[in-house]
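Remarks on the overall topology
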Amino acid sequence: MKNAFLVLAACLSSILFSCKKDKNTDQLNTETEKSDTTKSELIADNGWPREAENNGTKLVYYQPQVDDWKDFKDLTARVAFSLTPKDGKQVLGVASLKAETLVDKDNRSAFIKNIQVTDIRFPALDEKKVPEMEKLFKETLPQSGDPISVDRILADLSHTKSPAKGIATKNDPPAIFYSTNPAILLIVQGEPVLVPIDKSDIQFVVNTNWDVFYDKTAKDYYLLVDNIWLTSKDIAGKWTKTTKLPLSLSNLPSGENYDEVKKMIPPPSSGNAPEVFYSNKPAELIAVNGSPKFVKIDGTKLMYIDNTENDVFANEGDGQYYVLLSGRWFKSKALTGPWSYAGNNLPADFAKIPKDSPRANVLSSVPGTQEAKDAVMLAQVPTTAILKKSDAEAKVKVAYDGGTAQFKPIEGTKMQYASNTQEKIIKVGDLYYLCFQAVWFMSTSPNGPWKTADSVPKEIYTIPPSSPVYNVTYVTQTTTDTTVESSSTAGYLGAFIIGATFGAILTYGTGWYYPPYVYYGGMYPIYRPWPYAYGGGAVYNPWTGGYAAGRRVYGPYGAAGTSAWYNPATGRYGRSASVQGWYGGRTAASTYNPWTGNYARTNQGHNAYAQWGHSAATNGNQWAQTGHITTRRGTAIGYETSGGNKGVITHRRGGGTTIHTNNNVYAGHDGHVYKKDANGNWSHYNNGNGGWTQAGTLGSSKKSGEGIQNRPNQGLGANGAGERIQRDKTNQGLGANGAGERIQPKANQNLGGETRIGEGIQRDNFPKADQTLGQPNKPLGEAGRPDITNDLDRSAFSRDRGESQTRNFQNFQRDGGGRLGGGGGFRGGGGFRGRR
């Protein structure tokens, strides 16, 4: 099964593809993958500002400054723009917008739809021209179809939006083994579940993370670890290397995931046997390659162990060791344990780990860091699918082991869940609710027929984390007469927020152990695992926003609970190398996803919506159709939505977004248009001729020789360097000057880098009302007030950070998802997590 390892290298790519069920369509799948990759690139956030044209009117609109993203669906933002009518003069303005979003987690993009313009301001535009410009702006601004990187939005929100409070997970440490010799962790959930192999005396142990066979005649177990065969009389006992195998193992059928095993028959003579650690429950193994090699982290009292795939640190400050497992920190005085939960009291030095450190990947799990805040916030962003009710209902299939539904109580509630099916079915009163592929259905009978649910009972969202069906509480939906819009967040696929509001982090699994389901009522046993938190080497990937499982010590299948299943209807088992994160996974053969209850047979990716073969926001014709448009000015990507609205992002020849000024124009909360120069000075737009007035200097001291005369209570930035302002207080209006105000620049003065030397500016044009953008009853005051410029500084920082994060993610996509930042990575060992 060595080839199975190779699949894991591609598993971390977050590009979703439609599932193909015909096992003879590998070539078609490859072509589809290329096509979908191209489409993914087309609909990505390709930079700002954007350009749109309508009947000769040209609109350039800059990156939105997001004020709120309610429920991560309803966006409130400000947008700075320039509007040039046909045969007219360019004017600048700011608009306050509300819009709905659909999020495509695969491309980390939010698609803006149903835009409402709630307010428009044109600083210094003749009042008589305002209605005409408002009309042109609304007619030219695309109402739907624009993608914006989720990273850009989250960078804005990081200053204003508090993360959700963590849930009550179980944070007791699992069994943690330690070894400095070559070793593996053999997890068998409960007693071995033996399933038959056709025409053979050999049975297969399905509920484990390694290839384990049982010889019924000699009553011996055989374990394949890479190219080494081990044998034992007791699956929990001592394992020894062997070069003699039962004859029946040579007769394994072709296919059915046995092909890689057959390559190791007869056993190679070379190689040393690893130490085998056994557990009948989820556990973890810290495997160090020889004696620990400690590397000091500059600026801290921390050291990390370099020669291990685990994240293990030693803190000289308190003499404790710390290890990160599934997003949770545990500490101990010795590497051999015992270990205790440390997440509530992590040393402050962890937050000081440099971002270019080989262990910088752990910052996403350090409370209070920006990386942790990003992970928590991204986990709350829903992935959305819009489906036809009839299509969804036609796909629902529910089968119960033994034929009759069996229900168990959900602790702390009056609800029950179906225990003998792979599907998540909740009994509420006399009704039954099914969460199938992240869509809710309901029925008056546990056997259906199933109809999409127009509403989901509130009781369902009180299911506690101790229940194996808790993850369905992260799925919500709304419906129309013909469609269902379903949304699911990270918890549906196993990533959960824990901790207080300030110190919240994202972890994998609830920490509760849900024993697997085994049914022996028929000729063959039925085995289905519930998901669990430990024993899979789950590591957070900041670029996919989810956890991926898989390390060498946990076997070719990642974990016993992530990919194994057995279906007696066919007499076949399903096993595959598979990464299961909250985007779903990629797999080389049949696999079972215990979070969603989904079977999939595909050589491509699958997610919660794979049953319908569509990728969230780009579902069929419901969303944006894309295509290339080539003009003499270069190549543009055109967007046309199902509603007929169009927008254009213009590109220079050779690539790159056309920047008419650059993306350095901002909308202030006060309704003014601002820009920032390289020295940190803000200027605001102040007249219809495109003039700019310096609005203040932030982050640096004023230059020598500047003569600024400030009156009492004068706001920062009310005047520029060397600028003298005479105010008529009686008629004072919008911004840095009021009605009748004259600015007299000094000779050779350049205000904001735009006003010509020696130019005198008489401003006689005023906005239609003295009000803050979007707040008609709140007076504006002067442009460049400290509260405004401080807010603009935050916006500028967020915009830069969002741009960097967006490009880093897109580079990650182009690289095939095979690396992580900060020196950590999913490299080596065929895609399992490796350091070097």
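We now turn to the structure provided with this report.

Reading guide: rules and limits
Residues numbered from 1 in each chain as written. Predicted model: local features only at pLDDT ≥ 70, side-chain atom pairs only at ≥ 80, totals over all residues. Heavy atoms only, no water. Helix = DSSP H or I, 4+ residues; strand = E, 2+ residues; numbered from the N terminus. Buried < 20%, exposed > 50% of the residue type's maximum accessible area, 1.4 Å probe, protein only. Contact = heavy atoms within 4.5 Å. Areas by Shrake-Rupley, 256 points an atom, 1.4 Å probe, with all protein chains shown as cover. Salt bridge = Lys/Arg side-chain N within 4 Å of Asp/Glu carboxyl O. Axes fitted to C-alpha atoms, helices over the stretch in contact; angles between N-to-C directions. Left-handed = near helix turned anticlockwise from the far one by under 90°. Nonpolar A, V, L, I, M, F, W, Y, C, P; charged D, E, K, R; others polar. Parallel < 35°, antiparallel > 145°, perpendicular 65-115°, else oblique. Polar contact = N/O pair within 3.5 Å; in protein donor to acceptor, adjacent residues only side chain to side chain. Pairing = 2+ DSSP bridges.

Some points on the overall build of the chain
What the chain contains, in helices and strands, is eight helices and 54 strands. Buried residues in the chain amount to 59% of all 836 residues. Pairs at least 24 residues apart make up 60% of the contacts formed inside the chain by residues separated by at least 6 positions. Summed over all atoms, the accessible surface of the chain reaches about 33600 Å², with 48% contributed by carbon and sulfur.

Things to note about the pattern of salt bridges
Scanning the model with the defined rule gives 20 salt bridges in all. Taking the shortest distance from any N to any O, the salt bridge between K352 and D349 comes out at 3.5 Å. Given a relative accessible area of 14%, D349 falls into the buried group. With a shortest N-O distance of 2.7 Å, D793 and K676 are connected by a salt bridge. Taken together, the residues span a long stretch of sequence, with D793 in helix α8 (residues 786–814) and K676 in strand β49 (residues 673–676) at a distance of 117 residues. When its relative accessible area of 23% is taken as the criterion, D793 is described as partly exposed. Among the charged side chains, a network of salt bridges with common partners joins D67, R78, D791 and R794.

Digging into the packing of helix α4 (residues 150–157) against helix α6 (residues 370–379)
Packing of α4 against α6 brings their axes to within 11 Å, and their N-to-C directions diverge by 115°. The element α4 and its partner α6 pack so that their crossing is right-handed. Where α4 approaches α6, its residues V150, L154 and L157 are matched on the opposing element by D374, M377 and L378. Of the residues assigned to the contact of α4 with α6, the class counts are five nonpolar, no polar and one charged.

A few points about the packing of α4 against α8
The interhelical angle for the contact between α4 and α8, taken along N-to-C directions, is 150°, at an axis separation of 8 Å. Classed by the angle they form, the pair α4 and α8 counts as roughly antiparallel. Every pair of crossing elements has a handedness; the one defined by α4 and α8 is right-handed. Of the residues in α8, those touching α4 at D151, R152, A155 and D156 are S795, S798, R801, G802, E803, Q805, T806, R807 and F809.

So, α4
Among the eight residues in α4, eight count as buried, and that is most of the element. The set of residues buried in α4 consists of V150, D151, R152, I153, L154, A155, D156 and L157. One side-chain oxygen of the residue at the start of α4 lies 3.0 Å from the amide nitrogen of D151, identifying that residue as S149.

Quick notes on the pairing of strand β1 (residues 50–54)
Where β1 meets strand β2 (residues 57–61), five bridges bridge the pair, whose relative direction is antiparallel. Opposite A52, over in β2, you have L59 as the bridge partner. Between β1 and β2, which pair antiparallel and follow one another directly, the connecting turn spans two residues, one of which, N55, has a positive phi of 50°.

Quick look at the sheet that holds strand β32 (residues 483–488)
Reading across the sheet, the three strands line up as β24-β32-β31 and stay open at both edges, with antiparallel pairing between neighbours. Of all strands in the sheet, those with a lone pairing partner are β24 (383–388) and β31 (475–479), marking the two edges. The mean inter-strand angle of the sheet, taken between neighbouring strand axes irrespective of direction, is 20°.

Some details on the pairing of strand β12 (residues 211–215)
Burial runs high along β12: five of the five residues are buried. With burial as the criterion, each face of β12 is covered, one bearing D211, F213 and D215 and the other bearing V212 and Y214. Here strand β11 (residues 202–205) runs beside β12; their pairing, made up of three bridges, is antiparallel. From the neighbouring strand, F204 faces β12, where its bridge partner is F213. Taking the residues that link successive antiparallel strands as the turn, the β11-β12 hairpin has five residues. Relative to strand β13 (residues 220–225), β12 runs antiparallel, the two sharing five bridges. If you follow F213 over to β13, its bridge partner there is Y222. Counting the residues in the hairpin turn of β12 and β13 gives four residues, including K219, whose phi is positive at 60°.

Thoughts on the sheet that holds strand β30 (residues 451–452)
As summarised here, the arrangement of the six strands in space is β25-β26-β27-β28-β29-β30, forming an open sheet in which the pairing is antiparallel. Across the chains shown, the open sheet's two edge strands, defined by having one partner strand only, are β25 (407–409) and β30. Strand direction decides the pairing type here: strand β27 (residues 424–428) and strand β28 (residues 431–436), joined by five bridges, are antiparallel. Residue pairing for β28: I425 is matched across the bridge by L434.

Quick word on the environment of Q437
Note that Q437 resides in the loop between β28 and β29 (439–443). Exposure remark for Q437: the relative accessible area of 1% places this residue in the buried category. Sequence separation between Q437 and S486 is 49 residues; the distance between their C-alpha atoms is 9.7 Å.

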